[in-house]
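Per-entry structural report
The residues making up each chain are set out below.
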Amino acid sequence: MTLEITHPEKPTEQDKIDDEDYMLPHHIDGVLPQSNMDISGIEKLELIEHKTPSAQSSVTFENLNGDTDEKYLLILDLGFDTSSNALTLKPNNIATDQKTSLIRVYYSSSSRTNASDIRIGTSDSNKANRCRSKTLILAKTGNYRRFETNINIYGVGNTTPINMWGWCQWSDTTTNITSLVVDVGDGTFTGDIYLYRVKTVCPI
């Protein structure tokens, strides 16, 4: 690597580089050695689809290929029409061989919830609430598929927001994910749902 720094004026005995000219702009030429830079952890998001459900009980993202894409990010911001809603994610509309562990944090206490589905949101027993969540989906076959979710319940129904962190798994190791279904067991939801493809930026 070679970097060349050019001062705007040639210094003299009367006008040294460490006097007033030092404050003038400098021109720098050169190329950083990308081959020596570890940027393997840098990721970018590519929007697959943005859905705006209105009073719907489910939404489906189709034409996916989990083995090719490997990693997705699902972001939602929804309101519900009933006070008891558990929002789940069904790969290929399948709801078996799945588990969730949620840690629920209140302003003064916390609790743990276990479920036999992939839990990505809830109204927390008050239909005036809204739910915003982000779920990272590790979709490639070969191992248990993992779903890591961060849920926030907010709105006029809650004077204090509730935060939840969840770890979910699907123990089917061979079925390629070709669709994702966001589903509510009771009532309907309205709002925004975004599905992104997470791409890793590799060094040149």
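Going by the structure above, here's the rest.
Let us look at the structure shown here. Keep in mind it's a predicted model, so treat the numbers as computed, not measured.

Turning our attention to the pattern of salt bridges. Evaluated as defined, the whole model comprises ten salt bridges. Residues Asp124 and Arg104 are paired through a salt bridge, measuring 2.2 Å at the closest nitrogen-oxygen approach. In this pair, Asp124 sits in the loop between β9 (119–122) and β10 (129–138) while Arg104 sits in strand β7 (residues 98–105), placing the two residues 20 residues apart along the sequence. Taking the relative accessible area as the measure of exposure, Arg104 reaches 14% and is therefore buried.

By the secondary structure assignment, Ser123 is in the loop between β9 and β10. There is a polar contact of 3.3 Å between the side chain of Ser123 and the backbone nitrogen of Asn85. Apart from residues no more than four positions distant in its own chain, Ser123 is found in contact with Phe80, Thr82, Ser83, Ser84, Asn85, Asn129 and Ile153.

Phi angles above zero are rare outside glycine, and Glu70 is one such case at about 70°. Turning to its location among the elements, Glu70 is positioned in the loop between α1 (66–69) and β5 (71–80). Backbone geometry at Asp97 places phi at a positive 55°, although glycine is not the residue there. Assignment of secondary structure puts Asp97 in the loop between β6 (86–91) and β7.

Counting residues in hydrophobic clusters, the biggest one holds 30 residues, and the most contacted among them are Leu74, Leu87, Leu89, Phe189 and Ile193. Of all the elements in the fold, those that place two or more residues in this core are β4 (58–61), β5, β6, β10, β11 (145–155), β12 (162–170), β13 (180–184) and β14 (189–200). In terms of residue count, β5 provides more of this core than any other element does, five residues in total.

Relative to the assigned elements, Thr122 resides in strand β9. From its side chain, Thr122 meets the backbone oxygen of Asn85 in a polar contact 2.8 Å long. Within the local environment of Thr122, its side chain forms a polar contact with the backbone nitrogen of Asp124, the two atoms lying 3.0 Å apart. Once residues within four sequence positions are removed from consideration, Thr122 is found in contact with Phe80, Asn85, Leu87, Cys131, Ile153 and Met164.

Turning next to the sheet that holds β4. In space, the four strands of this open sheet follow the order β4-β13-β6-β9, with antiparallel pairing throughout. Single-partner strands in this sheet number two, and they are β4 and β9. Here the strands of the sheet are splayed against their neighbours by 20° on average, with no regard to which way each runs. Bridge analysis of β6 against β9 gives three bridges, and the strand direction is antiparallel. Following the sheet pairing, Leu87 is matched in β9 by Gly121.

With respect to topology, eight strands assemble into an open sheet ordered β3-β14-β5-β10-β11-β12-β7-β8, the strand pairing being antiparallel. Lying at the two open borders of the sheet, with one neighbouring strand each, are β3 (43–51) and β8 (110–115). The mean inter-strand angle of the sheet, taken between neighbouring strand axes irrespective of direction, is 15°. Two elements, β10 and β11, share ten bridges in a ladder whose sense is antiparallel. Residue pairing for β11: Cys131 is matched across the bridge by Ile153.

What counts, and where the lines are drawn
- Residues numbered from 1 in each chain as written.
- Predicted model: local features only at pLDDT ≥ 70, side-chain atom pairs only at ≥ 80, totals over all residues.
- Heavy atoms only, no water.
- Salt bridge = Lys/Arg side-chain N within 4 Å of Asp/Glu carboxyl O.
- Helix = DSSP H or I, 4+ residues; strand = E, 2+ residues; numbered from the N terminus.
- Buried < 20%, exposed > 50% of the residue type's maximum accessible area, 1.4 Å probe, protein only.
- Polar contact = N/O pair within 3.5 Å; in protein donor to acceptor, adjacent residues only side chain to side chain.
- Contact = heavy atoms within 4.5 Å.
- Core = buried A, V, L, I, M, F, W, Y, C linked by side-chain atoms within 4.5 Å.
- Pairing = 2+ DSSP bridges.
- Axes fitted to C-alpha atoms, helices over the stretch in contact; angles between N-to-C directions.

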